Amino acid sequence: QMAVNVEVDAYLFPMLHALKYSQYAVNGVLLGTSKQESVEIVQAIPLMHRDLCLSPMLDAAFALIDEHCKAKSLQIVGYYHANAQHNSNGISPTARRIADKINETMKERDAKARTCLMMIDNNEFEKLAAYLVGGTSAEMKKTFGLTIYTKADNGDWKSASDVNIKGFGDESTPVMFFVEHVAVC
């Protein structure tokens, strides 16, 4: 099983992007390092909200991101996506197509490279957002409002079971983690 380790900022940026544009689908790129047994996500770069399929815009964005990666000794290790429909939490065709293309490109560069797909779970994220504005939720569980998938050997995206968001301990709840880290942003 491949481990996925996520830095705090690389978790918060996609979540804040989705929160700011909650009425739209949002997407972005995950940067870090990739080995055969693990992916380290250290940065998330928001790309678009609303119209996610604009190929010329994506091409331009990826060209700039590639230059940034070279300058910082990073690589593209994944893609994040939140669907526009709040009851839709599966991998959308758009998310699958873009994540597959990232995976294909990274495999061409390094056959051992691993990539991931971070899907923001709108239902869980709404519970987190409601709690943050004064709601209560006895249902809050250890969720961060997202699911991270890795590419399985058979070509399917499979939910990763070994995910670590750095800085989150067992004594903390996702809500407190989010509040503590957003307060310093």
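Right, let's walk through the structure included here.

Quick notes on the rules
- One numbering rule holds for all chains: residues counted from 1, following each sequence as written.
- Confidence filtering applies because this is a predicted model: local features only for residues at pLDDT of at least 70, side-chain atom pairs given and counted only at 80 or more, and all residues used for totals across whole chains, interfaces and linings.
- Side-chain descriptors were evaluated using all non-hydrogen atoms of the structure, hydrogens and water having been removed beforehand.
- By the criteria applied, helices consist of DSSP H or I runs no shorter than four residues and strands consist of E runs no shorter than two, each listed in order from the N terminus.
- Multiply 1.5 Å by the residue count of a helix minus one, and that product is the helix's expected span.
- Note on classification: 1.4 Å probe, protein chains only; a residue is buried when its accessible area is under 20% of the maximum for its type, exposed when over 50%, partly exposed between these limits.
- Regarding the arc, it is the one traced by the directions from the helix axis to the C-beta atoms.
- Contacts are residue-level and defined by heavy atoms, with any inter-residue pair within 4.5 Å sufficient.
- Take a side-chain nitrogen of Lys or Arg and a carboxyl oxygen of Asp or Glu: if they are within 4 Å of each other, that pair is a salt bridge.

1. Let's talk about helix α2 (residues 55-72)
Here α2 is 18 residues long and its end C-alpha atoms lie 25 Å apart, about the 26 Å a rise of 1.5 Å per residue gives. Buried residues of α2: L58, A61, F62, I65 and C69, and no others. Seen from one end, α2 has its buried residues packed into an arc of 100°, which puts them on one side. The exposed set on the far side of α2, more than 90 degrees from its buried face, consists of P56, D59, L64, K70 and A71. For α2, the elements touching its buried residues are β2 (26-34), β3 (38-49), β4 (75-82) and α3 (93-109).

2. Concerning the environment of I45
Among the structural elements, I45 can be located in strand β3. Through-space distance from the C-alpha of I45 to that of L31 is 7.8 Å; in sequence the pair is 14 residues apart. Contact partners of I45, with chain neighbours within four places excluded, come to G28, V29, L31, I65, H68 and Y80.

3. Considering the pattern of salt bridges
Evaluation of the coordinates by the stated rule reveals six salt bridges. Here K166 makes a salt bridge to E40, at a shortest N to O gap of 3.4 Å. Of this pair, K166 sits in the loop between β8 (162-165) and α5 (174-182) while E40 sits in strand β3; the two residues are 126 residues apart in sequence, bridging distant segments of the chain. Across the pair K101 and E104 runs a salt bridge whose closest N-O atoms are separated by 3.5 Å. Separated by three residues within a single helix, K101 and E104 lie in helix α3, roughly one turn from each other. A residue is classified by how much of its surface remains accessible, and K101, at 47% relative accessible area, is partly exposed. With a relative accessible area of 40%, E104 lands in the partly exposed category. Sharing partners across several salt bridges, the network here consists of E7, E40 and K166.

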